[in-house]
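# Results of the structural survey
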Amino acid sequence: MLGSLALSLTIHLTLLLLFAPLLQGVITKTKALFAGRIGAPLLQPYYDLIRLMRKGFVFSRTTTWVFQAGPVVGLAVPLLASLLIPFGALTAPISFEGDLILFVYLFGLARFFTATAALDTGSSFEGMGAVREVTFSCLAEPTVLFTLLVLARLCGGLSLNALFGSHLLDAWHSEAGASLGLILVCLFVVLLVENSRIPFDDPNTHLELTMIHEVMVLDHSGPAFGMILYGASLKMMVMGAMVVRLAMPWQTGWWLSDALLFLAGLIAMAVFIGVIESIMARLRLPRVPQMLIGTSLVSIFALVLVLR
Amino acid sequence: MIELINPLLLAVILINFFTLGSARLGACIRMVALQGGLLALLPLAAHGLSGHALFLGASALILKGIFIPFLLLRAIREVRIRREVEPIIGFVPTLILGALTTAGAFIFADFLPLIAEHREGFYVPTALATMFTGFLLLITRRKAITQILGYLLLENGIFIFGVLLSAAMPLMVEAGVLLDLLVGVFVMGIVLNHINREFSTLNTERLSALKE
């Protein structure tokens, strides 16, 4: 029992810690290829992290411990959340009834600390970013909860392991396939919002008036900024795990091939995100809440479909 | 073919949501055209390849999917409007209302005394939801073009009901309905032209102001 727990913990954390930054590399590469450039090497995010980790800390004298807590919580939370979510067919190491609520609100905790760290600098500019981030994510939260409710209704359990269990394959072929399709789209939109990808936020922009997430972390530097970047890529992989599991509910029975299938799914998702970023323009800021309310409504509709 | 029906009807509902949430007239017209095209597949998916179903599908495709959208797209090109102005009830509240009525339609359809084979599918709720969406567009929007789109959605909802009954309904009735629709859009096009010439805008609230 303890041995299998240790094994699944090791597999989970190894997969997460090693492969998370690769997704960002794949996205950048896809965008570069789309634009006809060669682009940065696939491993560039790793080099960036190493470079940042070798620098020294610089802290503004107006900041307090809250400012330093932001990056730490931002890194710790995705690690914790990853232990609750199954990676493809590999079941989550830690699982209990109702862990889906913990999963959703762990990210809420990270957001709270990032936002307070931004406010702690006293810069009105960062405060603006914090306001936007909090507004958008409080609109994204109902979507996540409703999609999880749909899944809970389908399987009858309340733990993420049961929600993303092996019944998904049958569910796709049954009447509920339609609502699964709807919530897959909703979850993907939430993934884009939460990870500040293009139709909602541009991770590369440095134009003051349009930044959302980027503006909150302007004052962090060196290893702290590295932790933020690493935490962001971990978060992307953890949220991507939900989308991938929903889209590819197959399992092979052997942990290595399951892990490879999961990674292939993640890379396909990253390529898809890159394609979306290449072909779509950013939404105007007032359109983002409208879009998010739209996805909440679609997920509620999906819930109505499985309830009838 | 039967398993195609529910995804088709689901796409119809998603297009309803889109038309309620979007301010771009061009995109709205194209989505309603797509809805018409999807509905053209519906008789074929429901009743198989019979002459009756083929006629229904083809006439729906030509009228709803191609001809009327073409007329509307030409109209917005000529009067040079691209966006709906902020409606009487905003975009987000109408979207929420639309979702509520759609959910309501699904619940309501369960209570209707339908025969068993109509009870299972999405036909009746989708038809009701599409009609409600059409009503909402007709009531809340200010541009005459979006109101025509509302009228088209209303007709699409009736068409979905019609597919349920098409075994019992003679061809003449359906042809008559489609002809009515075409004439209706023509008349609205003429009205549109007059509104535009009189006020040099398509906002219909000017119509309710009295002249001294």
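Since the structure is predicted, the reported quantities are computational estimates derived from the model, not experimental observations.

Another aspect to go through is the overall build of chain A. Regarding its fold elements, chain A presents 11 helices and zero strands. For 308 residues, the compact-globule formula gives about 19 Å, and the C-alpha radius of gyration of chain A, at 19 Å, lands near that figure. The principal-axis extent of the C-alpha atoms belonging to chain A is close to 55 × 45 × 45 Å. Across the 308 residues in chain A, those meeting the buried criterion constitute 46%. Here the contacts in chain A between residues at least 6 apart in sequence split such that 78% fall between residues at least 24 apart.

Turning next to the overall build of chain B. Scanning chain B for helices and strands turns up eight helices and zero strands. Mapped from its N terminus to its C terminus, chain B presents α and β elements in the order α-α-α-α-α-α-α-α. Seen along its three principal axes, the alpha-carbon backbone of chain B occupies a region of about 60 × 35 × 30 Å. Here chain B, with 212 residues, has 41% of them falling under the buried criterion. By sequence separation, contacts in chain B at least 24 residues apart represent 74% of the contacts at least 6 residues apart.

Before going further, it helps to examine the packing of helix α2 (residues 44-54) of chain A against helix α9 (residues 222-247) of chain A. Each packed pair of helices is defined by two parameters, the angle between the axes and the distance between the axes. Residues and elements named next belong to chain A. Between α2 and α9, the least distance of the axes is 7 Å, while the angle of their chain directions is 150°. When the interaxial angle is binned, α2 and α9 end up roughly antiparallel. The interaxial crossing formed by α2 with α9 has left-handed handedness. Contacts from Pro-45, Asp-48, Leu-49, Leu-52 and Met-53 in α2 reach Gly-222, Pro-223, Phe-225, Gly-226, Leu-229, Tyr-230 and Ser-233 in α9. Along the lines of polarity and charge, the residues of the contact of α2 with α9 split into eight nonpolar, three polar and one charged.

Moving on to the packing of helix α6 (residues 123-140) of chain B against helix α7 (residues 144-165) of chain B. All names here are of chain B. Axis separation between α6 and α7 bottoms out at 7 Å; the angle between their running directions is 165°. Between α6 and α7, the angle is such that the two are roughly antiparallel. Where α6 crosses over α7, the handedness of that crossing is left-handed. The class makeup of the residues in the contact of α6 with α7 is 14 nonpolar, nine polar and no charged.

Grouped together as the largest cluster of nonpolar side chains are 144 residues, with contacts concentrated most on Ile-85, Met-237, Phe-301 and Ala-302 of chain A together with Leu-149 of chain B. Residue contributions to this core peak at 16 residues, all from α9 of chain A. If we ignore the near neighbours within four places in the chain, the residues touching Met-237 of chain A are Leu-16, Phe-19, Ala-20, Leu-23 and Leu-266 of chain A.

Take the environment of Gly-184 of chain B next. Checked against the element boundaries, Gly-184 of chain B lands in helix α8 (residues 171-199). Note: C-alpha distance between Gly-184 of chain B and Gly-90 of chain B (94 residues apart in sequence) is 27 Å.

To continue, consider the interface of chain A and chain B. Much of the literature gives interface size as the accessible area that the parts lose upon coming together. Between chain A and chain B, the contact holds 10 residues from the first and 14 residues from the second. No other element matches the eight residues that helix α11 (residues 287-307) of chain A contributes to the side of chain A that touches chain B. Class assignment for the residues of the side of chain A that touches chain B results in seven nonpolar, two polar and one charged.

Residues and elements named next belong to chain A. Taking 1.5 Å as the rise per residue, α9 with 26 residues should run 38 Å; its terminal C-alpha atoms sit 37 Å apart, in good agreement. The axis of α9 is deflected most strongly, by about 25°, at Gly-240. Counting buried residues in α9 gives 22 out of 26 residues, a clear majority hidden from the surface.

Our next topic: the environment of Leu-56 of chain B. Residue and element names in this part refer to chain B. Looking at the element boundaries, Leu-56 is found in helix α3 (residues 51-79). Along the sequence, Leu-56 and Arg-83 sit 27 residues apart, while their C-alpha atoms lie 33 Å from each other. Once residues within four sequence positions are removed from consideration, Leu-56 is found in contact with Pro-43, Ser-166 and Glu-174.

Attention now moves to unusual backbone geometry. Residues and elements named next belong to chain A. Even without glycine at this site, Ser-196 takes up a positive phi of about 45°. When you line up the elements, Ser-196 lands in the loop between α8 (177-194) and α9. Of the residues examined, Ser-196 has 19 C-beta atoms within 10 Å and is grouped as partly exposed.

This paragraph deals with the environment of Leu-160 of chain A. Residues and elements named next belong to chain A. Looking at the element boundaries, Leu-160 is found in helix α6 (residues 160-163). Overall, Leu-160 belongs to the buried group, with 28 C-beta atoms counted inside 10 Å. When the C-alpha positions of Leu-160 and Leu-84 are compared, they lie 6.8 Å apart, and in sequence the two are 76 residues distant. The contact partners of Leu-160, leaving out residues within four places of it in the chain, are Leu-84, Ile-85, Pro-86, Ala-92, Ser-95, Asp-99, Leu-100 and Phe-103.

Turning our eyes to something else, we now look at the confidence of the model for chain B. All names here are of chain B. The pLDDT averaged across chain B works out to 83; a share of 97% of its residues lies at or above 70. Taking the mean pLDDT of every element in chain B, the minimum, 73, falls on helix α5 (residues 116-120) and the maximum, 91, on α6. Taken together, the chains of this predicted complex give a pTM of 0.87 and an interface ipTM of 0.78.

What counts and what doesn't
Residues numbered from 1 in each chain as written. Chains lettered and ligands numbered in written order. Predicted model: local features only at pLDDT ≥ 70, side-chain atom pairs only at ≥ 80, totals over all residues. Helix = DSSP H or I, 4+ residues; strand = E, 2+ residues; numbered from the N terminus. Rg over C-alpha atoms; globule rule 2.2 N^0.38 Å. Buried ≥ 20, exposed ≤ 12 C-beta atoms within 10 Å, placed from the backbone. Contact = placed C-beta atoms within 7 Å. Axes fitted to C-alpha atoms, helices over the stretch in contact; angles between N-to-C directions. Parallel < 35°, antiparallel > 145°, perpendicular 65-115°, else oblique. Left-handed = near helix turned anticlockwise from the far one by under 90°. Nonpolar A, V, L, I, M, F, W, Y, C, P; charged D, E, K, R; others polar. Core = buried A, V, L, I, M, F, W, Y, C linked by C-beta atoms within 7 Å. Expected span 1.5 Å × (residues − 1). Bend = angle between axes of the 7 residues up to and from the residue. pLDDT = per-residue confidence, 0-100.

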